[in-house]
Amino acid sequence: MANLNGHERGNAGDCQGAPKATSKGGVPRAEGMEVRGWAKGNAKPQNTYRTQGRKSVHSARDRIRQIAKAKKGTRFTALLHHVYDIEALREAYFGLKREAAPGVDGETWRTYGEQLETNLVDLSGRLRRGAYRAKPVRRVFIEKADGRQRPLGVTTLEDKLVQRALVTVLNCIYETDFLGFSYGFRPKRRTHDALDALSVGIYRKKVNWVLDADIRGFFDAIDHGWLVEFIEHRVADRRVVRLIQKWLNAGVLVDGKRTHSERGTPQGGGISPLLANVYLHYVFDLWAHDWRRQAKGDVIVIRYADDCIVGFEHEQEARRFLTHLRDRLAAYGLELHPDKTRLIEFGGRALSDRKKQGRGKPETFDFLGFTHICGKTRRGRFTVLRRTVRKRMRAKLLALKAELRWRWHDPVPEVGRWLGSVVQGHINYFAVPLNFSAVAHFRDQVIRHWMRALNRRSQKANVTRARMHRLVRAWIPPVRIVHPYPDQRFYLRTQGRSPVR
């Protein structure tokens, strides 16, 4: 058995197979485990402690990645030394956001960095001795586009730092396990990768029905017991498991009162996205992958965090999948949102059939900020049109209008730079092919709000259209499509090149 005292160095993380643990409540596990011996090429555990250099830190992670990829049943028994290494902690510190809000202790990135080396040595020692204690999460709320409030957790800087270091190590393992249709919060995977995969899948496969599934309150419903059990499929280092449990049990601070729960991971924490992906990997991904291999027709799956889009060729299979999915999620303490989960007729055949029957156009669905619509190209071929979600655009313009009220008397160049960054950020995300008009409309509305704000700065203000045109040319970027067509991006990936914007 590998040494678990945390002093082994020079190897990528000792690993050894272990028997499969008993599942809770008779519910079958998502995947089995193989009994493995020592990983080939691993050095035996050592009892000396030394600080790794940056090069050795990255090479150690590469070895973890290679072992995890080569031996899918391997359980890693020595990982914590990759987390408390001084170089790994320093790398994690400089990877944090400089201006992030402080946690309950009030520590900021700049104040912590004033004595960085001393703080890192102290943190490393506490992690190595097991004396590290997670602090409660400060709860804040942000308003969503539909008017509801989303709870976010603000962790302390040290918790963010350690979580980032641990996530970097665990990603080496889980990135070899996660399936291709999982896109949310993963390295080198963006939202537009998921959007492109969805569009290409719909018009290349025989998709006639689409299930738009949303898990109700997913981050607040994650069962800690099941989560730890899923983590132990791959991680046998009890120190790492206890470290994760410390964050899960740290509690949430609301109005000065600390609350604890056996469910949920606070959104906003550095490790929460990874834990969420691990949970859904075993609960949904592996199950959905096996289910679609038994289907008679084409089935496509795209998942981004807790938002899932599943396309089907046959209606009967779509309805059977939805029934089985509800049972599957219920076994792990989850449920589908009744209002946001819909099964709709969508695709090339749906467009033509509904037109012949006089039933109008197929329904639409929203995914990652875009409304997906059945449409046709100029040559009459089926395509998936993507338009900016109206609710999201309206909410963003209302927030911008309110912000302009606070900036009425700021210098014009300063306001111009800010508005230019807002428009450019909108273009960078929403300027996809066939969405030019929606992006141009957003830009026009921003200009209109700016002109009204300038005219209301004083009773004598009179901003002419000629002057406004000069200001727009100076500060507001023009609209242009910055993303390639979905199939073009996929083609460039297969050729080993990045799409040129």
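Residues numbered from 1 in each chain as written. Predicted model: local features only at pLDDT ≥ 70, side-chain atom pairs only at ≥ 80, totals over all residues. Heavy atoms only, no water.

1. Section: the layout of surface pockets
Next up, step 1: Put simply, the second largest pocket is a space of about 520 Å³.
Next up, step 2: Looking at the second largest pocket, it is lined by 19 residues, and the ones nearest its centre are Thr377, Arg378, Thr383, Leu434 and Tyr485.
Next up, step 3: At 6 residues, strand S11 (residues 382–388) tops the list of elements feeding residues into the lining of the second largest pocket.
Next up, step 4: Of the residues belonging to the lining of the second largest pocket, the class tally is 8 nonpolar, 4 polar and 7 charged. (1 Å grid on protein atoms, 1.4 Å probe; cavity = no way out; pocket = protein on both sides within 12 Å on 5 of 7 lines; lining within 4 Å. Points joined across faces, edges and corners; volume = space filled by probe spheres on them. Helix = DSSP H or I, 4+ residues; strand = E, 2+ residues; numbered from the N terminus. Nonpolar A, V, L, I, M, F, W, Y, C, P; charged D, E, K, R; others polar.)

2. Section: the nonpolar core
Next up, step 1: With 84 residues, the main nonpolar core has Tyr279, Phe284 and Phe321 as its most contacted residues.
Next up, step 2: Examining the composition of this core, we find that 13 residues originate from one element, helix H11 (residues 272–293), more than from any other.
Next up, step 3: Here phenylalanine 321 is in contact with Leu211, Phe284, Trp287, Ala288, Trp291, Val310 and Phe312, once residues within four sequence places are set aside.
Next up, step 4: Core analysis: the next-biggest nonpolar cluster, separate from the first, contains 53 residues, Leu198, Val207, Phe367 and Val439 among them. (Core = buried A, V, L, I, M, F, W, Y, C linked by side-chain atoms within 4.5 Å. Buried < 20%, exposed > 50% of the residue type's maximum accessible area, 1.4 Å probe, protein only. Contact = heavy atoms within 4.5 Å.)

3. What to know about the packing of helix H6 (residues 157–174) against helix H10 (residues 238–248)
Two packed helices can be described by the angle between their axes and the distance between those axes.
Next up, step 1: The interhelical angle for the contact between H6 and H10, taken along N-to-C directions, is 135 degrees, at an axis separation of 12 Å. Considering the angle they form, H6 stands oblique to H10. For the element pair H6 and H10, the recorded crossing hand is left-handed. Along the contact surface, H6 presents Asp159, Val162, Gln163, Leu166 and Leu170, while H10 presents Val240, Leu243, Ile244 and Trp247.
Next up, step 2: Partitioning the contact of H6 with H10 into residue classes produces 7 nonpolar, 1 polar and 1 charged. (Axes fitted to C-alpha atoms, helices over the stretch in contact; angles between N-to-C directions. Parallel < 35°, antiparallel > 145°, perpendicular 65-115°, else oblique. Left-handed = near helix turned anticlockwise from the far one by under 90°.)

4. Some thoughts on the packing of aromatic side chains
Next up, step 1: Using the criterion set out here, one finds 23 aromatic pairs in the structure.
Next up, step 2: Note on tyrosine 174 and phenylalanine 178: the rings are 5.8 Å apart at their centroids and 20 degrees apart in plane angle, and the pair reads as stacked. In terms of burial, tyrosine 174 and phenylalanine 178 fall into one category: buried.
Next up, step 3: Through pairs of rings, three or more aromatic residues link up here, namely Phe218, Phe219, Trp226, Phe230, Tyr279, Tyr282 and Tyr332.
Next up, step 4: The lysine or arginine in question, arginine 128, covers the ring of tyrosine 84, its NZ or CZ lying 5.8 Å from the ring centre.
Next up, step 5: Seen from the ring of tryptophan 418, arginine 407 lies directly overhead, with NZ or CZ sitting 4.3 Å from the centre. (Phe/Tyr/Trp six-rings, centres within 6.5 Å; stacked < 30°, edge-to-face > 60°. Lys NZ or Arg CZ within 6 Å of the ring centre and 35° of its normal.)

5. A closer look at unusual backbone geometry
Next up, step 1: The residue leucine 368 is not glycine, and still its phi comes out positive at about 55 degrees.
Next up, step 2: Mapping leucine 368 onto the fold places it in the loop between strand S9 (365–367) and strand S10 (370–376).
Next up, step 3: Notably, leucine 434 is not glycine yet its phi reads approximately 75 degrees, a positive angle.
Next up, step 4: Tracing the chain through its elements places leucine 434 in the loop between helix H15 (412–430) and helix H16 (436–455).

6. Things to note about the side chain of aspartate 306
Next up, step 1: Locating aspartate 306 in the fold gives a position in the loop between strand S6 (299–304) and strand S7 (307–312).
Next up, step 2: With relative accessibility at 14%, the residue aspartate 306 sits in the buried group.

7. Quick notes on the pattern of salt bridges
Next up, step 1: As enumerated under the stated definition, the model contains 24 salt bridges in all.
Next up, step 2: Measuring nitrogen to oxygen at the nearest pair gives 3.3 Å for the salt bridge that ties arginine 386 to aspartate 196. Note that arginine 386 is positioned in strand S11 and aspartate 196 in helix H7 (residues 191–204), a separation of 190 residues in sequence.
Next up, step 3: Arginine 238 is paired through a salt bridge with glutamate 232; the nearest N and O atoms lie 2.5 Å apart.
Next up, step 4: Among the residues examined, arginine 238 registers a relative accessible area of 34% and is labelled partly exposed.
Next up, step 5: Each of Lys72, Asp177 and Arg234 takes part in one network of salt bridges that share partners. (Salt bridge = Lys/Arg side-chain N within 4 Å of Asp/Glu carboxyl O.)

8. Some details on the pairing of S7
Next up, step 1: Judged by how many residues are buried, S7 sits mostly within the fold: 5 of 6 residues are covered.
Next up, step 2: Where strand S3 (residues 209–214) and S7 come together, 6 bridges link them in antiparallel fashion. Across the sheet, residue tryptophan 209 finds its bridge partner in S7, namely phenylalanine 312.
Next up, step 3: Where S6 lies against S7, 6 bridges are found, and the strand directions are antiparallel. Opposite arginine 303, over in S7, you have cysteine 308 as the bridge partner. (Pairing = 2+ DSSP bridges.)

9. Structural notes on helix H3 (residues 86–94)
Because the α-helix completes a turn every 3.6 residues, residues three or four places apart line up on one side.
Next up, step 1: The buried fraction of H3 is high, at 7 of 9 residues.
Next up, step 2: Ile86, Glu87, Ala88, Leu89, Arg90, Ala92 and Tyr93 are the residues of H3 that are buried.
Next up, step 3: The inward-facing, buried residues of H3 contact helix H1 (54–70), helix H2 (80–83), helix H4 (109–113), helix H5 (116–129) and H6.
Next up, step 4: Sitting at the amino-terminal end of H3 is aspartate 85, which places a side-chain oxygen 3.0 Å from the backbone nitrogen of glutamate 87. (Polar contact = N/O pair within 3.5 Å; in protein donor to acceptor, adjacent residues only side chain to side chain.)

10. A closer look at helix H12 (residues 315–330)
Next up, step 1: Here H12 contains 16 residues, and its C-alpha end-to-end distance of 23 Å stays within 8% of the 22 Å for a straight helix at 1.5 Å per residue.
Next up, step 2: For H12, the full list of buried residues reads Glu317, Ala318, Phe321, Leu322, Leu325, Arg328 and Leu329. Along H12, the residues classed as buried sweep out an arc of 140 degrees about the axis, all on the same side. Exposed residues pointing more than 90 degrees away from the buried face of H12 are listed as Gln316, Asp327 and Ala330. (Expected span 1.5 Å × (residues − 1). Arc of directions from axis to C-beta.)

11. Focus on the sheet that holds S10
Next up, step 1: Across the sheet, which stays open at both edges, the 3 strands sit in the order S9-S10-S11 with antiparallel pairing between neighbours. Taken across any chain shown, the strands that pair with only one partner, and hence form the sheet edges, are S9 and S11. Geometrically, the sheet is characterised by an average inter-axis angle of 40 degrees between neighbouring strands, direction not taken into account.
Next up, step 2: Two elements, S10 and S11, share 7 bridges in a ladder whose sense is antiparallel. Across the sheet, the residue bridging to lysine 376 is phenylalanine 382, located in S11.

12. A word on the confidence of the model for the protein chain
Next up, step 1: Mean pLDDT over the protein chain: 85, with 85% of residues reaching 70 or higher.
Next up, step 2: This model gives residues 1–11 a pLDDT under 50, and the stretch forms 48 contacts once residues within four places in sequence are excluded.
Next up, step 3: Note that residues 17–50 has pLDDT below 50 and, in this model, 81 contacts with residues that lie over four places away or in other chains. (pLDDT = per-residue confidence, 0-100.)

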